Amino acid sequence: MNNLSQAIPFFGKRNPKLALIILLVLAFALPLVAAIFGRTWVRILDFAMLYILLAIGLNLVVGFAGLLDLGYIAFYAVGAYTWAFLASPQFGVHLPFWIVLPLGAAFAAVAGILLGFPTLRLRGDYLAIVTLGFGEIVRIFMNNLTHPVNITNGPQGIGQLDPLVIFGLEINRDLQITDTISINSLFLFYYVFLGAVALAVLLIKRLQVSRVGRAWAAIRDDELAAKAIGINTRNLKLLAFAMGATFGGVAGGLFSAFQGFVSPESFTLMESIAVLTMIVFGGMGNLAGVIVGALALACLPEVLRSIALPVQERLFGAVYLDPEILRMLLLSLAMIFMMLLKPEGLLPAQARYSRIEHLPGMKGSGQ
Amino acid sequence: MIKLLEARNINKRFGGLTALSDVSLSINKGEIYGLIGPNGAGKTTFFNVLTGAYVPEEGEFVFNGSELPLGRPDRIVARGIARTFQNIRLFREMTALENVMAGRHIRTKTGLLGVLLQTAHTREEERLTTQRAYELLKYVGIERFAQTLSRNLSYGDQRRLEIARALATEPRLLALDEPAAGMNATETGHLRHLIETIRNDGVTVLLIEHHVKLIMGLCDRVAVLDFGKKIAEDAPGEVQRNQAVIDAYLGGAHHAR
């Protein structure tokens, strides 16, 4: 979070504490502002939070450890389907969230290791192709695991999922404070997701500035040299896959609870690419950049779409460009302009893997 | 003389090419041992086999009294052998300090849980790692660049940083692959001084080098490789007078076959 607050122009670096407070206030007030324009916008923010969770999880794999993963959405699917299996009428199992979410995360981590093992020797494009295949395999499994026993309910998906109940508070239902005042469940979800994002940021930050984070960065920068200083590259790559997948799994579980419904079509290749786009757009490797990128790319298309529709009607008297087409068009345009103008992303990586305050008598940079 | 490393009949082939053929040599504790030979003689291959990057077809290494695990770089580093590369290989996106901190990996223990929970032990180890890394930067004389990205360092400083990173693994044997390549006379002089300091602090040094003056002035003993075979092993002065060595370098009868 520190690093995100320091990205605020003008005073972020000069007054980090104030910047952090402003950031938290902003994060807290965001849905209230959005609600002025309609409930839909709060919903979009909810999804943006899930995308942030996905993006920082994928950033761990791609940005920190340098393993290009195009099938990341598969872990999201594993988390989502874990919720669907263990908290729905599908098998008549109804476990509470504090069992299902960690289980989803654990299954996703195992899936991450399963993906990691055969790809240990691959890098770059080759790794991307295999992970892409892995993502598709998971989706196709979800689509077809209906015979001989119906497990996933195929393309119809699984519905009537259990709501998210945290300490007796049902997040899926509006919170009734008095007879006339109530808090919409979309807001409740926003704050739950915000909490998850904050926790994820804290954990990722700790990982980054640690023995593990440095080993990942070493493997990313030069695998041969990493081996030569005694880093067990196999174990650490598997750990990166597993940790990244864990965040995807948690996001998937939350997504299930939020939607109350899962089906394979939520986990297409396009989603994997969308999350990767957010990372590249924001600035790969830099946590603040990744968050900004996810937020921007989850919200901006919606904003432009809501402008584009009335404009089209006003100008042509009809809507020629379908909103979904428009979204892809805008994402592609954003990427093209980004690559032309700022290839390193909005906030280029200045990721640090050490704390300078550990050096007494050392101040600032040497050069 | 106590033997630190003994290579016994090392053979390494790449397809039809024999890169190392029955190479046996032994390095004594505390010496600076040079490995020289014309280009393509197998010097770097020897390094790669020794440090576990390649697995030899035959032969074994005895290090500090017991056999080395072949082809397991992490375990070999743990046993106390560190290396640098002919073409510098630093972690580009990390600062000089972080490069050396990464070098502490094998000598530190913090695991995933310790990191996530930030236990007292983790924080203490992190602090010690930072300080030790800074001391090593000082040792090689580039502490003022601690916070500079390694890719922005000058060539000579990158070489020094690579040595500091290797030293961070606490080696008994430091293997340097052409450390003076591309250096000017002043830089080479500093490097020579650094290598001597390292040796005087108790680390044995294995040195591949083309720079004849450096080898002759620095090494206690020198082995010469030619076409994957060891053709001489002696004090530098003797090696200079060895007819087989002269032939190998100047193209004598050996090449006229």
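Please read these numbers as outputs of a predicted model, since none were measured by experiment. Within every chain, residues take consecutive numbers counted from 1 along the sequence as written. Working convention: letters from A go to chains and numbers from 1 go to ligands, in the order in which they are written. With pLDDT at 70 or above as the cut-off, local features in this predicted model cover only qualifying residues; side-chain atom pairs require 80 or more to be listed or tallied, and sums for whole chains, interfaces and linings still use all residues. Excluded from the side-chain calculation are hydrogens and water; included are all heavy atoms of the structure.

**Some thoughts on the packing of aromatic side chains**
The pairing test for Phe, Tyr and Trp rings, Trp by its six-membered ring, is centres within 6.5 Å, and the orientation test on the planes gives stacked under 30 degrees, edge-to-face over 60, and tilted for anything in between. Counted under the stated rule, the structure contains 17 aromatic pairs over all chains. Consider the rings of Tyr 72 of chain A and Phe 75 of chain A, whose centres lie 5.8 Å apart with planes at 75 degrees: the pair is edge-to-face. Phe 75 of chain A carries the same exposure label as Tyr 72 of chain A, and that label is buried. Pairwise contacts between aromatic rings join Phe 47, Tyr 76, Tyr 81, Phe 85, Phe 91, Phe 189, Phe 193, Phe 255, Phe 258 and Phe 267 of chain A into one cluster. For a Lys NZ or an Arg CZ to count as sitting over a ring, it must be within 6 Å of the ring centre and within 35 degrees of the ring normal. In this arrangement the basic side chain of Arg 89 of chain B is found over the ring face of Phe 85 of chain B, its NZ or CZ atom lying 5.6 Å from the centre. In this structure, Arg 165 of chain B is placed above the aromatic ring of Phe 91 of chain B, and the distance from its NZ or CZ to the ring centre is 4.6 Å. Think of it in three bands: with a 1.4 Å probe and only protein chains considered, a residue is buried below 20% of the maximum accessible area for its type, exposed above 50%, and partly exposed in between.

**Some details on the domain arrangement of chain B**
Residue and element names in this part refer to chain B. All domain edges in this entry derive from an automatic or database-based domain assignment. Splitting chain B by domain gives domain 1 (1–80 + 171–257) and domain 2 (90–168). Put simply, the middle of domain 1 and the middle of domain 2, counted by C-alpha atoms, are 27 Å apart. Taken together, both faces of the contact between domain 1 and domain 2 bury some 1200 Å²; the carbon and sulfur share is 67%. For this analysis, a salt bridge means a side-chain nitrogen from Lys or Arg found within 4 Å of a carboxyl oxygen belonging to Asp or Glu. Scanning the region where domain 1 abuts domain 2 turns up 0 salt bridges. Throughout this description, a polar contact denotes any pair of N or O atoms lying within 3.5 Å of each other; where both atoms belong to protein, one of them has to be capable of donating a hydrogen while the other can accept it, and for residues adjacent in sequence the pair is counted only when both atoms sit in side chains. There are 5 residue pairs in polar contact (both at pLDDT 80 or more) connecting domain 1 and domain 2. A run of H or I in DSSP counts as a helix once it spans at least four residues, and a run of E counts as a strand once it spans at least two, with each numbered from the N terminus. Of all the elements in the fold, those that place two or more residues in the side of domain 1 that touches domain 2 are α2 (73–79), β7 (173–177) and α7 (185–200). Among the elements that make up the side of domain 1 that touches domain 2, the one with the highest residue count is α7 (6 residues). Its residues placed into classes, the side of domain 1 that touches domain 2 shows 11 nonpolar, 4 polar and 5 charged. As a working definition, buried area equals the accessible area (1.4 Å probe) given up by two parts on being put together, with both sides summed. Any residue that is not Ala, Val, Leu, Ile, Met, Phe, Trp, Tyr, Cys, Pro, Asp, Glu, Lys or Arg is counted as polar, Gly included; the first ten are nonpolar and the last four charged.

**With respect to the confidence of the model for chain A**
As a per-residue measure, pLDDT reflects the predictor's confidence and takes values from 0 up to 100. Residues of chain A with pLDDT of at least 70 account for 94%, and the chain-wide mean is 87. Any two residues whose heavy atoms approach within 4.5 Å at even a single point are treated as in contact. Across residues 363–367 of chain A, confidence stays below pLDDT 50; counting only partners more than four residues off in sequence or on other chains, it has 7 contacts.

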